[in-house]
Amino acid sequence: MPDQGFQVSVAAIVETLAKEFAVGKEHAARVYELLQAGNKAPYIARYRRAEIGSFTDGSIRRFARRLKQIEELEKRRAALLRSIEDQSKGTEPPRPPPPATQNCMDRFELEDHFLPHRRPEPEVQLAIDRGLEL
């Protein structure tokens, strides 16, 4: 992940996943570590059962999918923060991103937080320039 912008900590990711999968934080953290080490779901489910608690092969696969979604969300968050930073380099005072974006773990919610910072579509901007704004 890029170093610019805010990044959600590993602890926050593990805590979110533990809540979503209704397991203990220590088991979720261990599955996270094993997946980050490159282990596959069947190996973790068979040979690391004592470390992972009530996780099954299928739940580990779902955990890995959700972990990938969160990583993609982090990349999108970084891109949106860079976009806001680039927009604020002009003459206007910089608008800080909403503080709720730092803890957001849902893609649609993240996009909603950045709506005020978006530039209008070219057609909309042209209409605004012509005085057709409501």
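Predicted model, so just to flag it, every value in this text is computed and none were measured.

Student: Sorry if this is basic, but what is going on with the side chain of Ser 59 here?
Tutor: Relative to the assigned elements, Ser 59 resides in helix H5 (residues 57-87). Classification of Ser 59 as buried rests on a relative accessible area of 8%. Side-chain polar atoms of Ser 59 contact the backbone nitrogen of Thr 56, separated by 2.7 Å.

Student: Hey, could you run me through the side chain of Arg 66 in this one?
Tutor: By secondary structure assignment, the location of Arg 66 is in helix H5. Given the relative accessible area of 17%, Arg 66 is considered buried. When sequence neighbours within four positions are dropped, the list of residues in contact with Arg 66 reads Leu 17, Glu 20, Phe 21 and Met 105.

Student: What exactly am I supposed to notice about the packing of aromatic side chains here?
Tutor: The geometry of two aromatic rings is summed up by the distance between their centres and the angle between their planes. Counting across every chain of the model gives 4 aromatic pairs. Between Phe 21 and Phe 63 the ring centres are 5.4 Å apart and the planes differ by 50°, which places this aromatic pair in the tilted class. Remark: Phe 63 occurs in helix H5 and Phe 21 occurs in helix H1 (residues 10-21); sequence separation between them is 42 residues. A residue is classified by how much of its surface remains accessible, and Phe 63, at 0% relative accessible area, is buried. Summarising the aromatic geometry, the rings of Phe 55 and Phe 63 are spaced 5.5 Å apart at their centres and angled 90° between planes, so their arrangement reads as edge-to-face. The two residues Phe 55 and Phe 63 agree in class, both being buried. Taken together, the ring pairs in this structure connect Phe 21, Phe 55 and Phe 63 into an aromatic cluster. Residue placement shows Arg 107 over the ring face of Phe 108; its charged tip is 4.3 Å from the ring centre.

The rules behind each value
- Residues numbered from 1 in each chain as written.
- Predicted model: local features only at pLDDT ≥ 70, side-chain atom pairs only at ≥ 80, totals over all residues.
- Heavy atoms only, no water.
- Helix = DSSP H or I, 4+ residues; strand = E, 2+ residues; numbered from the N terminus.
- Buried < 20%, exposed > 50% of the residue type's maximum accessible area, 1.4 Å probe, protein only.
- Polar contact = N/O pair within 3.5 Å; in protein donor to acceptor, adjacent residues only side chain to side chain.
- Contact = heavy atoms within 4.5 Å.
- Phe/Tyr/Trp six-rings, centres within 6.5 Å; stacked < 30°, edge-to-face > 60°.
- Lys NZ or Arg CZ within 6 Å of the ring centre and 35° of its normal.

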